[in-house]
Amino acid sequence: MMTIILAATEQAGPLETIQKTFGLSAPFFIAQVINFFLVIFVLKKFAFGPIQKMLEERRGRIAEGEAKLKQIEQQLADSERNTAAAIAKANEDAARLINEAKTSAAALSEQKAQEAIATAQQILAKAEAAALAERAAIKAELKQEFGRLVTATTAQVTGKVLTSDDQSRINQEALASVEA
Amino acid sequence: MIRRSIFPIFFALLCAATPVRAAEEGHEAPVAAVEHDAHATPAHGEAAGADEHGAAAAEHHAEGGHHALPLDAPRLSDSLPINNSMIMVWLAVGVIVLFARIATKKMSLVPQGVQNFAEWAVESLYDFLSSLMGKHLATRTFWFFGTIFFFILVNNYMGLIPGVGTVGWKDAHGHMVAPLLRGANADINMTAAMAFTFAILWFYWAITENGIKGFIAHIFAPKGTFTGVMAAMMIPIFLFVGVLEVISIMIRPVALTFRLLGNIYGGEQTLEALMGLVPEKLAFLPALPFCFMELLVGFVQALVFTLLCAIFLKLICDHGDHDHAEEGHH
């Protein structure tokens, strides 16, 4: 090998030596350049193109998924915050309602108690009035009966017919003595 | 599905094996192959190089050595510039596209099986390049770097398949004259095509990223803040550094070319030499451990080529403020 290279170097210049020794030639070099460009074209179209497209698509999907995940996390945080706020508001409302109910119940209870007291007092007053009226009626009836009895007794004892003035006077005297 | 994907590879190898049988049975070899036969009379100028190669190989055999892999890839067609490494390029592209078609046939958002592996491979490389060049440059240039890495890797591994380099047209003595297949990266035209394509794209990306003024300033302008006499002293120094940088830039594709070629050709040559140490029926034995090493070398070389291209691009597109701002964003 070295013999061939040395022999070639002695006969020609360095470039010529390279050409002769290594078989470098313009037509083959150009053919290989064309070949190489064809290789690039074919591999780009059939190998790297589809694979890179799929990789890009997957990267896009992953990025989209991550963005969605962030969005969901944000929504979850918002939702949790809203829920917490709603619960707090509901608690507050419930407490307020309970307080209002308590206040209302107390007021109503008081009102009802007062109404009951008033009603009872009315009933009592009516009863008293009725009792008084009844008593007065009984008393009048009793007076009348007592007067009649006294008059009758007096008429029987005295044996005379009493006038109405007598009857009235005897009744009044009898009643006055009873009441005294 | 797996059977369908493997079948074309076996079919290709079967087709590749056919010329050997034809040569062994004494049939006439294809015209282009005959050109490489050491014993054939050169018919025209193009055959002269091949004849020299054949003569060298015959000389080597005469010295009693094992057949060595020629540095130049033999031409397979009279009318078109097609050599055996190009066949390998097409096969490698076929394999990659076939794999990609299987992986992307029923794509789903939850990847499984082959799709999962393909996505893992592509995404790992993309993430690696992003960490190296930044997301913007990686996204913009991934079509190139992805192609470079997987293309070199698959070619390097396909070069290790038994039959590559040993299946082809043989001469009357049974010596290999023109193998049908050759590791694509063991051909300088292929490695140079990749390296110089990168160099052109590199200029394009650098200029579109920084502008022509920024591109020139990046190479020649003084780095740092200098005033007064210091500035006057620094300008010629940085101009000189810029000239060195230009030389460095011009050398880079050449270095990329020969680094990949040297490693892959060297590996194949080592395997050839090791196989020649023992009788033909046991030839695989000494080469077998080195095949595993070549698997590692194949991966490392694909990575090194891609990595160096990415670093060169990053260095030329590097404009500090923007990157810091970009990092700040991330």
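An unreviewed UniProt entry lists chain B under the name ATP synthase subunit a, with Luteolibacter soli given as the organism. Taken from UniProt, the Sequence similarities (unreviewed entry) comment for chain B reads in full: "Belongs to the ATPase A chain family." In its Function (unreviewed entry) section, UniProt records this for chain B: "Key component of the proton channel; it plays a direct role in the translocation of protons across the membrane."

Under the annotation held in an unreviewed UniProt entry, chain A carries the name ATP synthase subunit b and is attributed to Luteolibacter soli. Its UniProt record gives chain A a comment under Sequence similarities (unreviewed entry), which states: "Belongs to the ATPase B chain family."

A.B. asks: Summarise the overall build of chain A; cite the residues concerned and give the values.
C.D. replies: The helix and strand inventory of chain A stands at 4 helices and 0 strands. In chain A, the succession of helices and strands from N to C terminus is α-α-α-α. Across the 180 residues of chain A, 16% fall into the buried class. Summed over its atoms, the accessible surface of chain A is roughly 13300 Å², and 63% of this surface lies on carbon and sulfur atoms.

A.B. asks: Explain the pattern of salt bridges residue by residue, including any values.
C.D. replies: All names here are of chain A. With the rule as written, the count across this model stands at 14 salt bridges over all chains. Between Arg59 and Glu56 there is a salt bridge, with its nearest N and O atoms 2.7 Å apart. Of this pair, Arg59 and Glu56 both sit in helix α3 (residues 26-158), 3 residues apart, which is roughly one turn of that helix. The class of Glu56 is partly exposed, set by a relative accessible area of 45%. In this structure, the salt-bridge partner of Asp93 is Lys89, at a minimum N-O distance of 3.5 Å. Of the two residues, Asp93 and Lys89 are both situated in helix α3; the distance of 4 residues between them amounts to about one turn of the helix.

A.B. asks: Lay out the interface of chain B and chain A in plain terms, naming residues and giving numbers.
C.D. replies: Residue-level contacts link 48 residues of chain B with 34 residues of chain A. A combined buried area of about 3700 Å² lies between chain B and chain A, and 78% of that area is made up of carbon and sulfur atoms. Per-residue buried area on chain B facing chain A is highest for B:Leu71, B:Leu109 and B:Asn189; these three make up 18% of the total on that side. Here B:Glu123 makes a salt bridge to A:Arg59, at a shortest N to O gap of 3.7 Å. Across the contact surface, chain B and chain A share 5 residue pairs in polar contact (both at pLDDT 80 or more). Residue contributions to the side of chain B that touches chain A peak at 10 residues, all from helix α4 (residues 84-105) of chain B. In terms of residue class, the side of chain B that touches chain A is made up of 32 nonpolar, 10 polar and 6 charged.

A.B. asks: Describe in detail the packing of aromatic side chains, supporting the description with residues and values.
C.D. replies: Inspection of the entire model under this criterion finds 22 aromatic pairs over all chains. Ring geometry for A:Phe29 and B:Phe196: centres 6.1 Å apart, planes at 85 degrees, overall edge-to-face. Taken together, the residues A:Phe29 in helix α3 and B:Phe196 in helix α7 (residues 188-220) connect one chain to another. Put simply, the rings of A:Phe36, B:Trp143, B:Phe144, B:Phe145, B:Phe151, B:Phe198, B:Trp202, B:Phe203, B:Trp205, B:Phe215 and B:Phe312 pair up and form one aromatic cluster. Between A:Lys45 and the ring centre of A:Phe46, over which it is positioned, the NZ or CZ distance is 5.9 Å. The ring of B:Phe312 carries the charged tip of B:Arg252 above its face, separated from the ring centre by 4.5 Å.

A.B. asks: Please set out the UniProt feature "transmembrane region" (unreviewed entry) in chain B residue by residue, giving values where relevant.
C.D. replies: All names here are of chain B. Residues given the UniProt feature "transmembrane region" (unreviewed entry) here are residues 85-103, 142-168, 188-207, 228-251 and 287-313. In residues 142-168, the share of helix is 63% and the share of strand is 4%. The end C-alpha atoms are 37 Å apart. Strand forms 0% of residues 287-313 and helix 100%; the C-alpha atoms that close the span are 38 Å apart.

A.B. asks: Outline the packing of α3(A) against α4(B), supporting the account with residue identities and numerical values.
C.D. replies: Close contact between α3(A) and α4(B) brings their axes to 9 Å; oriented N to C, the two are set at 5 degrees. Taken together, the axis directions place α3(A) and α4(B) in an arrangement best described as roughly parallel. Residues A:Phe28, A:Ala31, A:Gln32, A:Asn35, A:Val39, A:Val42, A:Leu43, A:Phe46, A:Ala47, A:Pro50 and A:Ile51 of α3(A) pack against B:Ser85, B:Met86, B:Val89, B:Trp90, B:Val93, B:Ile96, B:Val97, B:Ala100, B:Arg101 and B:Thr104 of α4(B). For the contact of α3(A) with α4(B), the residue count by class is 16 nonpolar, 4 polar and 1 charged.

What counts, and at which threshold
- Residues numbered from 1 in each chain as written.
- Chains lettered and ligands numbered in written order.
- Predicted model: local features only at pLDDT ≥ 70, side-chain atom pairs only at ≥ 80, totals over all residues.
- Heavy atoms only, no water.
- UniProt positions renumbered as here; feature names shortened; annotations may be inferred.
- Helix = DSSP H or I, 4+ residues; strand = E, 2+ residues; numbered from the N terminus.
- Buried < 20%, exposed > 50% of the residue type's maximum accessible area, 1.4 Å probe, protein only.
- Areas by Shrake-Rupley, 256 points an atom, 1.4 Å probe, with all protein chains shown as cover.
- Salt bridge = Lys/Arg side-chain N within 4 Å of Asp/Glu carboxyl O.
- Contact = heavy atoms within 4.5 Å.
- Buried area = accessible area lost by both parts, 1.4 Å probe.
- Polar contact = N/O pair within 3.5 Å; in protein donor to acceptor, adjacent residues only side chain to side chain.
- Nonpolar A, V, L, I, M, F, W, Y, C, P; charged D, E, K, R; others polar.
- Phe/Tyr/Trp six-rings, centres within 6.5 Å; stacked < 30°, edge-to-face > 60°.
- Lys NZ or Arg CZ within 6 Å of the ring centre and 35° of its normal.
- Axes fitted to C-alpha atoms, helices over the stretch in contact; angles between N-to-C directions.
- Parallel < 35°, antiparallel > 145°, perpendicular 65-115°, else oblique.

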